[in-house]
Amino acid sequence: MMTARHASTFNYNFRVPGSKIEGTIYFAFGRTTCDMVLVGKSNQGICAILLGDNEELLSEQLAAAFPHTEFDSDQRGLSREVAQITAFIEGGVAEDVIDLDIGGTLFQQEVWRELCGIPTGQTRSYGEVARHLGIPGAARAVAGACAENLLAVAIPCHRVVGLNGLDSGYRWGVERKQALLVKEVYEQ
């Protein structure tokens, strides 16, 4: 029996727009059947879920996303969070609710909230998301906000596609985007 992905798996804690993370970001690595996953955690919750091919590149992405921040590897201390996130990526469910620590500008946060309302297995175009936000001419700005998302799968920017319904860009590669969408459709 397949299980559907549930947004209630995540507790979305949005920071004051533009505010930075205070203190150290602890991070650890996991593996899904397709990818390496880096999980970064602040004192408020998971602030990064990055997908990639190897630990070095993922570490570089984390450092670039949070300049002037201290990082500390904590594979053992984050083992539960890594297990929850990889379980969610693989099967759409996690053992408990996962607290997220979400930064970004006010506009980015509005876009990301809108994306969280896209049902599992469905997609919206960048233009549709912009229209839902009441700014129909902002499709490119919506695409820019999607590109800045640091919480792969938790904020489902993979569910946003080009106007023609085809996959356009994805921070972690179009192939990963396609694989995530196929997995969601299959799990329903």
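Everything quoted here is computed from the prediction, not taken from an experiment.

1. Side note on the overall build of the chain
(1) Moving on: Assigned secondary structure in the chain consists of six helices and eight strands.
(2) Moving on: Along the chain, helices and strands appear, N-terminal first, in the series β-β-β-β-α-β-α-β-α-β-α-α-β-α.
(3) Moving on: Taking 16 Å as the expected radius of gyration for a compact globule of 188 residues, we find that the chain reaches 16 Å, a close match to that expectation.
(4) Moving on: Here the C-alpha coordinates of the chain stretch approximately 45 × 40 × 30 Å along the principal axes.
(5) Moving on: Per-residue burial over the chain gives 45% buried out of 188 residues.
(6) Moving on: Pairs at least 24 residues apart make up 63% of the contacts formed inside the chain by residues separated by at least 6 positions.
(7) Moving on: When the accessible surface of the chain is split by element, carbon and sulfur atoms take 53% of a total near 9400 Å².
(8) Moving on: With 16 positive and 23 negative side-chain charges, the chain shows a separation of 5 Å between the mean positions of the two kinds.

2. Points about the packing of helix α3 (residues 106-115) against helix α5 (residues 139-147)
(1) Moving on: The contact between α3 and α5 brings their axes to 9 Å, and the two run at 85°. When the axis of α3 is compared with that of α5, the two are roughly perpendicular. Contacts from F107, Q108, V111, W112 and L115 of α3 reach α5 at A141, V142, A145 and C146.
(2) Moving on: Considered class by class, the residues forming the contact of α3 with α5 number eight nonpolar, one polar and no charged.

3. Re α3
(1) Moving on: Taken together, the buried positions of α3 are occupied by Q108, Q109, V111, W112 and L115. Across the axial projection of α3, the buried residues extend over an arc of 160°, all falling on one side.
(2) Moving on: Buried positions along α3 lie against β1 (10-14), β6 (98-102), α4 (126-132), α5 and β8 (160-161).

4. Digging into the packing of aromatic side chains
(1) Moving on: If you walk through the whole model with that rule in mind, you get four aromatic pairs.
(2) Moving on: Ring geometry for F27 and F29: centres 5.8 Å apart, planes at 85°, overall edge-to-face. Taken individually, F27 and F29 each receive the classification buried, so the pair is uniform in this respect.
(3) Moving on: Ring centres of Y170 and W172 lie 5.4 Å apart, and the angle between their planes is 70°; this geometry places the pair in the edge-to-face category. Exposure class is identical for Y170 and W172. Each is buried.
(4) Moving on: What links up through ring pairs into an aromatic cluster is the set F10, Y12 and F88.
(5) Moving on: A cation sits over an aromatic face here: R113 above F14, 3.8 Å from the ring centre.

5. Considerations on the confidence of the model for the chain
(1) Moving on: Taken as a whole, the chain shows an average pLDDT of 89; of its residues, 92% reach a score of 70 or greater.
(2) Moving on: Put simply, helix α6 (residues 174-187) is where the chain has its lowest mean pLDDT, 81, and strand β3 (residues 36-41) is where it has its highest, 98.

6. Considering the environment of T32
(1) Moving on: Within the secondary structure, T32 is located in the loop between β2 (25-31) and β3.
(2) Moving on: Residues T32 and L100, 68 residues apart in the sequence, show an inter-C-alpha distance of 20 Å.
(3) Moving on: Residues within four places of T32 in sequence aside, it is in contact with V37, T86, I89 and E90.

7. Quick notes on the side chain of S42
(1) Moving on: On the secondary structure map, S42 appears in the loop between β3 and β4 (46-52).
(2) Moving on: Residue S42 is classed as buried on the basis of its relative accessible area, which comes to 5%.
(3) Moving on: Polar contacts involving the side chain of S42 include one to the side chain of D101, which spans 2.5 Å.
(4) Moving on: In this structure, S42 is in contact with I21, T24, C47 and D101, ignoring residues within four places of it in sequence.

8. Notes on the pairing of β3
(1) Moving on: Counting buried positions over the six residues of β3 gives five, a clear majority of the element.
(2) Moving on: In the sheet, β2 pairs with β3 via six bridges, with the strands oriented antiparallel. Within β3, the residue paired with F29 across the bridge is L38.
(3) Moving on: In this structure, the hairpin formed by β2 and β3 is closed by a connection of four residues.

Each value, and the rule that gives it
Residues numbered from 1 in each chain as written. Predicted model: local features only at pLDDT ≥ 70, side-chain atom pairs only at ≥ 80, totals over all residues. Heavy atoms only, no water. Helix = DSSP H or I, 4+ residues; strand = E, 2+ residues; numbered from the N terminus. Rg over C-alpha atoms; globule rule 2.2 N^0.38 Å. Buried < 20%, exposed > 50% of the residue type's maximum accessible area, 1.4 Å probe, protein only. Contact = heavy atoms within 4.5 Å. Areas by Shrake-Rupley, 256 points an atom, 1.4 Å probe, with all protein chains shown as cover. Lys, Arg positive; Asp, Glu negative; His and termini not counted. Charge placed at Lys NZ, Arg CZ, Asp CG, Glu CD. Axes fitted to C-alpha atoms, helices over the stretch in contact; angles between N-to-C directions. Parallel < 35°, antiparallel > 145°, perpendicular 65-115°, else oblique. Nonpolar A, V, L, I, M, F, W, Y, C, P; charged D, E, K, R; others polar. Arc of directions from axis to C-beta. Phe/Tyr/Trp six-rings, centres within 6.5 Å; stacked < 30°, edge-to-face > 60°. Lys NZ or Arg CZ within 6 Å of the ring centre and 35° of its normal. pLDDT = per-residue confidence, 0-100. Polar contact = N/O pair within 3.5 Å; in protein donor to acceptor, adjacent residues only side chain to side chain. Pairing = 2+ DSSP bridges.

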